[in-house]
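The chain contents come next:
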Amino acid sequence: MSNYQENIKYLIQRPKTPVIKPPMHRSMFNNSIRREFQLNRGCHQTMGYAEVKVNEPSEFLKKKSRKVIRPFVEKTKTSDRNPVQCPRYSNKPSPKNKISRNFLHKNIVDVIRKAPPLPKHRVQDSRNGHIIVLDEAGLEPLYVLKKDFGKLPFYIENIYKNKETIRQEEIERIRAIKPPLRRLPEEERYVLLTGLKINWAELHKQFLLLPMLTDSVTKINRKTNLENQLRSLEKDIDLLEKYPNLYVCDEDA
């Protein structure tokens, strides 16, 4: 903007928004450190600071100023007849351990006995003679040809077996604590019998309201379904009325 142009929005000064700083970080050990500092603050007020004599500048550590006490070793005198001879060590092998090997003959035998290398699977992809080795280029399906391809790893099978063993042990423990079968009380038996009879009455009413003529597949299927439900309810009602003492199995057992 040039100096000769004016803008009224710059005439009224806008208030500066204060910068809100985040709270200062304080360590969680701040109080404990202050407490320890106050405890050890006046530990030298009674007797004062420890006075340690400082060496003079001329008494700096000099060479051979420390006394080194070495262990005492008795001196043995050697005579001309029985001189003490030190063993001599050398890197030369002894003639007994010397082994003669013909490395040239060994290399020739190894090359002769070596199996010939298999030919590489090569593909020419251009008319100029450019050749690609599929194994080296990663275009040959090598992983799918392994013996264990597609099989479950051994460690995962062990995990499944351990989980199944733990589940069986938990089932056996629950069965030992709580028996799977319990005797059906008389009140519960009466409630079940009443509910089954009410359901049978409702299904029988629906069965009586069916048309006399069943000339379609829908009507036939509905009639067959109602007959099956009525037959199943009649079996359950007959079972509850015939046997007063019944034992049932809980779902969580």
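Below is a summary of the structure that appears in this document. Predicted model, so just to flag it, every value in this text is computed and none were measured. (Residues numbered from 1 in each chain as written. Predicted model: local features only at pLDDT ≥ 70, side-chain atom pairs only at ≥ 80, totals over all residues. Heavy atoms only, no water.)

## Section: the packing of helix H5 (residues 186–208) against helix H6 (residues 217–242)
At step 1: Two numbers describe how H5 lies on H6: the axes approach to 9 Å, and their chain directions differ by 155 degrees. By the angle class used here, H5 and H6 are roughly antiparallel. As H5 runs across H6, the sense of the crossing is left-handed. Touching Arg189, Leu192, Leu193, Leu196, Lys197, Asn199, Trp200, Leu203, His204, Gln206 and Phe207 of H5 are Lys223, Leu226, Glu227, Gln229, Leu230, Leu233, Glu234, Asp236, Ile237, Leu240 and Glu241, all from H6. (Axes fitted to C-alpha atoms, helices over the stretch in contact; angles between N-to-C directions. Helix = DSSP H or I, 4+ residues; strand = E, 2+ residues; numbered from the N terminus. Parallel < 35°, antiparallel > 145°, perpendicular 65-115°, else oblique. Left-handed = near helix turned anticlockwise from the far one by under 90°. Contact = heavy atoms within 4.5 Å.)

## Describing the pattern of salt bridges
At step 1: In this structure the tally under the stated criterion is seven salt bridges.
At step 2: As a salt-bridge pair, glutamate 186 and arginine 189 come within 3.0 Å of each other at their nearest N and O atoms. Of the two residues, glutamate 186 and arginine 189 are both situated in helix H5; the distance of three residues between them amounts to about one turn of the helix.
At step 3: Overall, the relative accessible area of 12% leaves arginine 189 in the buried class.
At step 4: Between aspartate 215 and lysine 219 there is a salt bridge, with its nearest N and O atoms 3.3 Å apart.
At step 5: Residue aspartate 215 is classed as exposed on the basis of its relative accessible area, which comes to 55%. (Salt bridge = Lys/Arg side-chain N within 4 Å of Asp/Glu carboxyl O. Buried < 20%, exposed > 50% of the residue type's maximum accessible area, 1.4 Å probe, protein only.)

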